[in-house]
Amino acid sequence: MNAIPLAVDFHRSEFGVTPLVGGKGRNLMALAAAGFPVPVGFVITTEAYSRFVAHAPWLRAAVNALDLANAEHLRDQCRAIREQLAALPLPPEIEQETRDALARVGTSGAHVPIAAWAVRSSSSFEDLAQAAFAGAHDTYLNVTAANVATRVRDCFVSLWGDRAVAYRHHQGFDQHAARMAVVVQAQVACDVAGVGFSIDPVAGRVDRIVIDANYGLGESVVSGEADVDHFEVDKCSLQVVDRRIGAKREAVVATRSGTTSRPTEDARASEPCLTEAQVSRVGDLVRAVETHYGWPQDTEWGLHDDTLFLFQSRPVTAVEPRWTRDESAERFPNPMSPLTWDFISVAFKGSLAHSLSLMGLPPIRSDWFALFDHYVYGNQTAVELLGTFRPLRARSVPELVAELPSLARRYEWVVDLPVIWARDLDRYLVRLGRLSAAPVAELDVPALWDHVVEMLDLASDYFRPNIAISLTQTILHRVLHALVSMVAGPDRVLGVVDGLLAGCETKTALVNREIHSLARLAADTPALHTLLLAAPGRVIAAERRLEAFPAFAARFARFLDDHGHRELDMDYLQPTWSGQPGVVLDSIALILRAGIDEDPATTARDQQARQFDTEHQFLSAVPPDLRFFFRELIRLARAYTTLDDVEHYETTRLNPVARRVACALGERLVACGALDAAEDIFFLRKDQVEAAVVAYPSIDAARVRRLAYDTKRGYDRAWASPPPWTRGTAPAPSLGGQALRGLPGSPGQVTGPCFIVTGPDDFARFPAGAVLIAKTTNPAWTPLFYSASGLVTEAGGPLSHGAVTAREMRLPAVMGVRDVTRRLRNGQIVAVDGTAGTVDPGAD
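Residues numbered from 1 in each chain as written. Predicted model: local features only at pLDDT ≥ 70, side-chain atom pairs only at ≥ 80, totals over all residues. Heavy atoms only, no water.

### Structural notes on the overall build of the chain
The condition that has to hold: Think of it this way: any DSSP run of H or I at least four residues long counts as a helix, any run of E at least two long counts as a strand, and we number them from the N terminus. As defined in this context, the radius of gyration uses C-alpha atoms, and a globule is described by 2.2 Å times the residue total to the power 0.38. Under the scheme applied here, a residue whose accessible area is under 20% of the maximum for its type counts as buried, over 50% as exposed, and between as partly exposed, the area being computed with a 1.4 Å probe on protein chains only. Here the accessible surface of atoms and residues is derived via Shrake-Rupley with a 1.4 Å probe, and residues count as covered only by protein chains that are part of the display. Only four residue types enter the charge count: Lys and Arg as positive, Asp and Glu as negative, with His and the chain ends excluded. Note on charges: their place is set at NZ of Lys, CZ of Arg, CG of Asp or CD of Glu.
What the chain contains, in helices and strands, is 30 helices and 24 strands. The C-alpha radius of gyration computed for the chain amounts to 31 Å, which stays within 12% of the reference 28 Å derived for 844 residues, consistent with globular compactness. Along the first, second and third principal axes, the C-alpha atoms of the chain reach 100 × 75 × 55 Å. Looking at the chain as a whole, 54% of its 844 residues are labelled buried. Carbon and sulfur atoms form 53% of the exposed surface of the chain, whose accessible area is close to 36100 Å². Each charge sign in the chain was given a centre, from 84 positive and 101 negative side chains, and these centres are 1 Å apart.

### Brief notes about the nonpolar core
The cut-off we apply is this: Put simply, a nonpolar core is a bunch of buried Ala, Val, Leu, Ile, Met, Phe, Trp, Tyr and Cys residues held in one set by side-chain atoms that sit within 4.5 Å of each other. Note on contacts: a residue pair is in contact if any heavy atoms of the two residues lie within 4.5 Å.
Ranked by size, the top nonpolar core spans 112 residues in total, and within it Leu-400, Val-484, Phe-618, Phe-630, Leu-665 and Ile-681 carry the most contacts. Per-element accounting of this core gives the leading share, 11 residues, to helix H16 (residues 466-488). If we skip the residues at most four places from it in the chain, Phe-618 touches Val-484, Val-487, Ala-488, Val-496, Leu-500, Phe-630 and Ile-634.

### Here we look at the pattern of salt bridges
For the record, the criterion: In what follows, salt bridge is the name for a side-chain nitrogen of Lys or Arg lying within 4 Å of a carboxyl oxygen of Asp or Glu.
Evaluated as defined, the whole model comprises 40 salt bridges. Residue Arg-281 pairs with Asp-306 through a salt bridge whose shortest N-O separation is 3.0 Å. One end of the pair, Arg-281, is in helix H10 (residues 276-293); the other, Asp-306, is in the loop between strand E12 (297-304) and strand E13 (307-315), with 25 residues separating them in the sequence. Judged by relative accessible area, Arg-281 falls into the partly exposed class, the value being 33%. Looking at Asp-306, the relative accessible area reads 44%, which means it is partly exposed. For the salt bridge of Glu-679 with Arg-659, the shortest nitrogen-to-oxygen distance reads 2.2 Å. A residue pair is termed long-range when its members are at least 10 positions apart, and Glu-679 in the loop between helix H25 (654-671) and helix H26 (686-695) and Arg-659 in helix H25 qualify at 20 residues.

### Examining the packing of helix H19 (residues 526-534) against helix H22 (residues 581-594)
Applied cut-off: To obtain an axis, a line is fitted to C-alpha atoms, over the contacting stretch when the element is a helix, and the angle between two such axes runs from 0 to 180 degrees between their N-to-C directions. Convention used here: angles under 35 degrees read as roughly parallel, angles over 145 as roughly antiparallel, angles from 65 to 115 as roughly perpendicular, and any remaining angle as oblique. The nonpolar class holds Ala, Val, Leu, Ile, Met, Phe, Trp, Tyr, Cys and Pro. Asp, Glu, Lys and Arg form the charged class, and all remaining residues, Gly among them, are polar.
Contact geometry for H19 and H22: axes closest at 9 Å, N-to-C directions at 110 degrees. Taken together, H19 and H22 sit at an angle that is classed as roughly perpendicular. Residues His-529, Leu-532 and Leu-533 of H19 touch H22, and the partners they reach there are Leu-585, Ile-588, Ala-589, Leu-592 and Arg-593. A breakdown of the residues in the contact of H19 with H22 according to their chemical character gives six nonpolar, one polar and one charged.

### What to know about unusual backbone geometry
For the bond running from Tyr-696 to Pro-697, omega is 5 degrees, close enough to zero to count as cis. The residue Pro-697 is located in the loop between H26 and helix H27 (701-720) in this model. Residue Asn-142 is not a glycine yet carries a positive backbone phi of 55 degrees. Topologically, Asn-142 is positioned in strand E4 (residues 139-143). Classification of Asn-142 as buried rests on a relative accessible area of 10%. We note that Leu-238 has phi near 60 degrees; this positive angle belongs to a residue other than glycine. Locating Leu-238 in the fold gives a position in the loop between strand E8 (229-234) and strand E9 (240-244).

### Some thoughts on the packing of aromatic side chains
Working definition: an aromatic ring pair is given by the centre-to-centre distance plus the angle between the planes. To be explicit about the condition: The aromatic pairing rule takes the rings of Phe, Tyr and Trp, using the six-membered ring of Trp, and pairs them if the centres are within 6.5 Å, calling planes under 30 degrees apart stacked, those over 60 edge-to-face and the rest tilted. Should the NZ of a Lys or the CZ of an Arg lie within 6 Å of a ring centre and within 35 degrees of the ring normal, that charge is described as sitting over the ring.
Per the stated rule, a full pass over the model turns up 22 aromatic pairs. On the numbers, 5.5 Å between centres and 75 degrees between planes, the contact of Tyr-49 with Phe-156 is edge-to-face. With Tyr-49 in helix H2 (residues 46-53) and Phe-156 in helix H6 (residues 148-158), the pair connects residues that are 107 residues apart, well separated along the chain. The same class applies to Tyr-49 and to Phe-156, which are both buried. Between Phe-629 and Phe-630, the ring centres sit 5.6 Å apart and the planes meet at 75 degrees, which makes this aromatic pair edge-to-face. The class for Phe-630 is buried, based on a relative accessible area of 1%. Here the aromatic cluster, defined as three or more aromatic residues joined through ring pairs, consists of Phe-332, Trp-341, Phe-348, Trp-368, Phe-369 and Phe-463. The ring centre of Trp-160 lies 4.9 Å from the NZ or CZ of Arg-168, which sits over that ring.

### A few points about the confidence of the model for the chain
How we decide: As a per-residue measure, pLDDT reflects the predictor's confidence and takes values from 0 up to 100.
In this model, the chain carries an average pLDDT of 88, and 95% of its residues clear a pLDDT of 70 or more. Averaged pLDDT values over the elements of the chain bottom out at 72 in helix H28 (residues 782-785) and peak at 96 in helix H21 (residues 550-563). Within the model, pLDDT remains below 50 along residues 127-133, and this stretch shows 39 contacts once partners closer than five positions in the same chain are excluded.

### Considering the environment of Ala-589
The residue Ala-589 is located in helix H22 in this model. The exposure class assigned to Ala-589 is buried, which follows from its relative accessible area of 2%. Counting along the chain gives 55 residues from Ala-589 to Ala-534, while the straight-line C-alpha distance between them is 9.1 Å.

### A word on the side chain of Ser-351
Looking at the element boundaries, Ser-351 is found in helix H11 (residues 338-358). According to the relative accessible area criterion, Ser-351 is buried, its value standing at 0%. Residues contacting Ser-351, with those up to four places away along its chain left out, are Phe-463, Arg-464, Pro-465, Asn-466 and Ile-467.

### Overview of the sheet that holds strand E7 (residues 208-215)
We apply this condition: When DSSP finds at least two bridges between two strands, those strands are taken to pair.
Spatial strand order, E9-E8-E7-E6-E12-E13: six strands in an open sheet with antiparallel pairing. Every interior strand has two partners, whereas the edge strands, E9 and E13, have only one. Direction aside, the axes of adjacent strands within the sheet are offset by 20 degrees on average. Pairing of E8 with E9 involves four bridges; the strand directions are antiparallel. Note on E9: the bridge partner recorded for His-230 is Arg-244.

### Concerning the sheet that holds strand E15 (residues 369-372)
On the basis of which strands lie adjacent, the open sheet formed by three strands has the order E14-E16-E15 and antiparallel pairing. Strand pairing shows two members of the sheet lacking a second neighbour, strand E14 (323-324) and E15, which therefore form its edges. Looking at chain direction, E15 and strand E16 (residues 375-379) are connected through four bridges and run antiparallel. Along E16, the bridge assignment pairs Phe-372 with Tyr-375.

### Focus on helix H7 (residues 162-171)
Taking burial as the measure, the 10 residues of H7 include seven buried ones, the bulk of the element. If you check which residues of H7 are buried, you get Asp-162, Arg-163, Ala-164, Val-165, Ala-166, Tyr-167 and Arg-168. Following H7 by one or two positions, Gly-172 has its phi on the positive side, about 80 degrees.

### Examining the pairing of strand E3 (residues 117-123)
Counting buried residues along E3, seven of its seven residues qualify, which places the element largely inside the surrounding structure. Side-chain alternation along E3 places Trp-117, Val-119, Ser-121 and Ser-123 on one buried face and Ala-118, Arg-120 and Ser-122 on a second face that is also buried. Bridge analysis of E3 against E4 gives three bridges, and the strand direction is antiparallel. Opposite Trp-117, over in E4, you have Val-143 as the bridge partner. In the sheet, E3 pairs with strand E5 (residues 180-186) via seven bridges, with the strands oriented antiparallel. Across the sheet, residue Ala-118 finds its bridge partner in E5, namely Gln-185.

### Observations regarding H26
Residue pairs three or four apart in sequence face the same way in an α-helix, which turns once every 3.6 residues. To be explicit about the condition: Of all possible arcs, the one meant is that of the directions from the helix axis to the C-beta atoms.
Residues of H26 that are buried: Val-689, Ala-692 and Val-693. An end-on view of H26 places all buried positions within 100 degrees of arc, on one side of the element. Away from the buried face of H26 by more than 90 degrees, exposed residues Asp-687 and Val-694 are located. Elements in contact with the buried residues of H26: H11, helix H15 (445-463) and H25.

Structure representation (structure tokens):
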């Protein structure tokens, strides 16, 4: 059995796994293997860290004792842990492995030995899709070979910084599972360096690349401690479409013993540090890294003697949502009652997180859908982000053949998911049947609320993979279209794909066939035919006129038993077919008026025959070594077409159950005088209903009425006027002062008192909920972000530590507002608009 290595060179890609080399190490090894211009280097592995802390048997007890609820106490505890760890020597075998790696890598492919190194922490939780840990661990630049081992130990120790511990806690990571690897790279003496995002994380634009740059090393850009040049680049043309040239008065440069900040000559400070051509080159590199990973990236880069280097890349984890009706208008065309939205949004949130994880995609740190003025809007940024995902890298048939082995490993879950969903469907239906049979009219109010809680738990459990099903269906269709075009040519692709997917069996098709069958039965009964054409369906149902036609009535009753949960609207306020059977009768009347010459069953058979013929003809033109792959791809595209329809059909079985229990609670509120009708409960929010349940029967009926009927008036107004297609972000309210301008750092608006922090001595006095004003921030300031409501800095840009951290914590932030610490005073009310990049100082 091979021993776990203590050091691995970048080119040893077989060791490039996060548990061994950490997130940063894994990314760098992957980028180097893909041919990107990554400086040579190696990784001291997490196995070395484990051997180091094996000499600290007290560590587990110290970690167990951490006071995660008290930032000041946690800071002291973590300082004590670091001091004890820093006193430990590196085990001799780690020092030897470090010396050997320096000697080996330091002369590999270099004309002269490498004189200095960059030593960077690489935690096993760092640079993951769900957690960036930006600036939470230590980095050392321009380190001589003699000092590398010491800096490796310092990186080990930095795993227990209070900001890293707090971040792991907030992300839900196990403190005991954290391990540290250390990246050791050749130091590049950059003339210019910076960061590049392959999307605009503030505006949420996926067609833009954003680049921040300064002279010297990139630390001044990442830390936000200096003004920077800011470029926005069109992703297709790589042309600069917007820029802001900063007053770059200082640059971080290498010295013999590390780095220092030096003044920049006045003539250079106000000039762009990158030429147009260099901006385009950096943009091209950032775009290529995004293409490699198939997901937007946050990169660090540098230029030395006009040679471009890539220092690291991590997934973008926080972007600004743009709310539009593009994604939601079809599913949610009408206003939505707030109680329904509170019920279903829980399931949506859980499904989005689970589905992206299942698909191997980074999380999206915002909702997929949101309710504004009673209309559901979709997160168009999230839609476009997922649109950038490329499941295949192949651009030709030979490349596809080469990629087949990795495809089977990466997308095994696509094959398994329909089977797992079908297995879990039985459990869902059994639990739902039990809830449906509950005698809600006989339950007391606490029991009714327990019924609601169980129903929401069932909905969340069932719905968990359903967004993955919808997304996978879309991706499979997109991939099928691209690959069929590769084989059959772009002129034939539409017809071939249409034929391949013709005749997919769905619940919708089955229901439609049964409605046609009912129409045919009605057509064979002249009196019933006349009745259905002459009277509205709601009148026929209300007056029970179908009882005169027992054969049809029995078939119709069976139809409603089977499909009565079919929704007319996703809003639980609106009854389903079983509550509005007249709607189905009107559908039958429409078929009768149009004539029933068409036989849906015959049409389905014709479509299936077309599907068979198209598949046979297409596969005969596919290279033999790709036929099984294409057959599987076609099968899966069909399976997910069916599954996407069936899962929605089964989802709506919850609608009448949810409506029934909500209305039962509504009846109790009517009895208390809080509501006029049971259905009016849907105009309350979930927390308002829960509060009434807790207080019942001694509820504040007047307050509940006011809440419900104020909302109902807004709901009625929403029905009276169509919503704007794109929801604009409301500007921060003007407070009468002269607006200060900076760069958008983190989107959103907040208004409140500000507090100026000049250094750590001010931390203890920082009032919770204040807007943090500072010349700059650094990773040690991260605990302040948990107490702040917003952030304004004099230096830095949208890609600095402060801005990245603010976006992750959803704090509005404006960066680069010159002299802001002198222009404001503590307690002054400010309106911060992180989307527009403005600060309105207002007046007291």
